[in-house]
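Commentary on secondary and tertiary structure
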Amino acid sequence: MARGWTVLDLINATRAFFEKKGINDTARLDAELLLAHVMGCQRIELYVRFDEEVAEPALSEFRELVRQRGERRPTAQILGHREFFSRRFEINNDVLVPRPETETLVEHVLDELPDGPLVTADIGTGSGVIAVTLALERSESTVYATDISEPALAVARRNVEEHRVADRVALRQGDLLEPLADEGLQGRLDAVVSNPPYVAEEERGDLPPEVIKYEPEIALFSGPDGINHTLHLMAKAPAFLKPGGLLALELSEFTADQIREEAERIDDLEQVHIHEDLRGTDRVLLARRTS
């Protein structure tokens, strides 16, 4: 009787297929994540099941997921979830796929914020990973999370409910800071945090297919130079912060120096610093509302 496809066979064959499709950095990881999904196990469990044959219907399901990934659909969208701060969040094509750079942003915010009652805002919340994480890591906090996209807010709402923070995360539809004004939050916030759109239009052709084909443009692009949303937030956010309140923004490495210079010109901001991500790339701006 002919030998079937084992776990290791599928991982190796799929890795090679993905590499031919131009998926190089994550080829084996993606293969393992997809296979673990159809086998209903954790990825780490595959390593003790290398010799196990994968039978139908899991094999057919795996082939379909591999086909989708071969078309450069992000693995997180195929699986319907992504890990962020060691927690699982729902993801679809209405929101950006959370990235390690945004974990760096949140880590810096948590380093800056004390324990105890806080009122913060997550601007352009998307899937809600920042807002939910802040609420969970600072259990006495209230977070206002805004987004202009109702489909994105629908994803955020499900994540808020899944992580049981609906009593402390207030989702509001609107453009950037506008919902905060409607809530009368001027001068009341301990922090304004955002991963805003920061890709320049001229960079469109440089984006990988996973991004340009499957992630929402409204969450990616910010004018010809990629700085429109960031400049708006730096100019308007201080009005919502308490004296000494924190402004934290994720940035493009290509505009970080320009953004820092612009921030230093704003009278209502002080203690302006740019911090690197895990790759050593300028990624996060932190500043304080003047006291």
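Above this text is the structure in question.
These numbers were taken from a predicted model, which means no experiment stands behind them.

A few words now on the sheet that holds strand 9 (residues 282-289). The seven strands are arranged 5-4-3-6-7-9-8 in an open sheet whose pairing can be described as mixed. Of all the strands in the sheet, the pair left with one neighbour each is strand 5 (169-173) and strand 8 (269-276). Across the sheet, the mean angle from the axis of one strand to that of its neighbour is 15 degrees, orientation sign disregarded. Pairing geometry for strand 6 (residues 189-194) and strand 7 (residues 241-250), over five bridges, is parallel. Each bridged residue has a counterpart across the sheet, and for Val 192 the counterpart in strand 7 is Leu 247. Taken strand by strand, helix 11 (residues 256-264) contacts strand 8 and strand 9, and its axis lies near 165 degrees from that of strand 8.

Glancing now at helix 1 (residues 7-20). The terminal C-alpha atoms of helix 1 lie 20 Å apart, and with 14 residues this matches the ideal 20 Å at 1.5 Å per residue to within 8%. Among the residues of helix 1, those classed as buried are Val 7, Leu 10, Ile 11, Thr 14 and Phe 18. Projected down its long axis, helix 1 carries its buried residues within an arc of 100 degrees, all on one side. Note on helix 1: the residue one or two positions beyond its end, Gly 22, has a positive phi of about 90 degrees.

Before going further, it helps to examine the pattern of salt bridges. Using the criterion set out here, one finds 25 salt bridges in the structure. Notably, a salt bridge pairs Glu 90 with Arg 158, separated by 2.7 Å at the nearest N-O pair. Here Glu 90, found in strand 2 (residues 87-90), pairs with Arg 158, found in helix 7 (residues 150-162); they are 68 residues apart in sequence, far enough to count as distant. Taking the relative accessible area as the measure of exposure, Glu 90 reaches 26% and is therefore partly exposed. Taking relative accessible area as the criterion, Arg 158 reaches 37% and is therefore assigned partly exposed. When the shortest N-O distance is used, the salt bridge between Glu 215 and Arg 99 registers 2.5 Å. Of this pair, Glu 215 sits in the loop between helix 9 (209-214) and helix 10 (228-236) while Arg 99 is found in the loop between strand 2 and helix 5 (100-112), placing the two residues 116 residues apart along the sequence. Classification of Glu 215 as buried rests on a relative accessible area of 5%. Three or more residues joined by partner-sharing salt bridges are found here, namely Asp 30, Arg 69, Arg 72 and Glu 210.

Another aspect to go through is the pairing of strand 9. For a regular strand, side-chain orientation follows a simple rule: the groups alternate between the two sheet faces. With respect to burial, strand 9 is a largely interior element, six of its eight residues being buried. As paired elements, strand 7 and strand 9 share five bridges and run antiparallel to each other. Bridge pairing in strand 9 links Leu 249 to Leu 285. Judged from the six bridges that link them, strand 8 and strand 9 form a sheet pairing that is antiparallel. The partner of Glu 270 across the bridge, within strand 9, is Arg 288.

This brings us to the packing of helix 5 against helix 6 (residues 129-137). Across the interface, helix 5 lies against helix 6 with an axial gap of 11 Å and an inter-helix angle of 35 degrees. Classified by chirality, the crossing of helix 6 by helix 5 is right-handed. Contacts from Thr 102, Leu 105, Val 106, Val 109 and Leu 110 of helix 5 reach helix 6 at Ile 130, Thr 133, Leu 134 and Glu 137. Residue classes in the contact of helix 5 with helix 6 are distributed as six nonpolar, two polar and one charged.

Now for the packing of aromatic side chains. The final tally for this structure, using the stated rule, is four aromatic pairs. Ring centres of Tyr 47 and Phe 50 lie 5.3 Å apart, and the angle between their planes is 50 degrees; on these two criteria the pair is classed as tilted. By relative accessible area, Tyr 47 is classed as partly exposed at 37%. An aromatic cluster of three or more residues is present, and its members are Phe 84, Phe 85 and Phe 89. The ring centre of Phe 221 lies 4.1 Å from the NZ or CZ of Arg 204, which sits over that ring.

Conventions adopted
Residues numbered from 1 in each chain as written. Predicted model: local features only at pLDDT ≥ 70, side-chain atom pairs only at ≥ 80, totals over all residues. Heavy atoms only, no water. Pairing = 2+ DSSP bridges. Helix = DSSP H or I, 4+ residues; strand = E, 2+ residues; numbered from the N terminus. Axes fitted to C-alpha atoms, helices over the stretch in contact; angles between N-to-C directions. Contact = heavy atoms within 4.5 Å. Expected span 1.5 Å × (residues − 1). Buried < 20%, exposed > 50% of the residue type's maximum accessible area, 1.4 Å probe, protein only. Arc of directions from axis to C-beta. Salt bridge = Lys/Arg side-chain N within 4 Å of Asp/Glu carboxyl O. Left-handed = near helix turned anticlockwise from the far one by under 90°. Nonpolar A, V, L, I, M, F, W, Y, C, P; charged D, E, K, R; others polar. Phe/Tyr/Trp six-rings, centres within 6.5 Å; stacked < 30°, edge-to-face > 60°. Lys NZ or Arg CZ within 6 Å of the ring centre and 35° of its normal.

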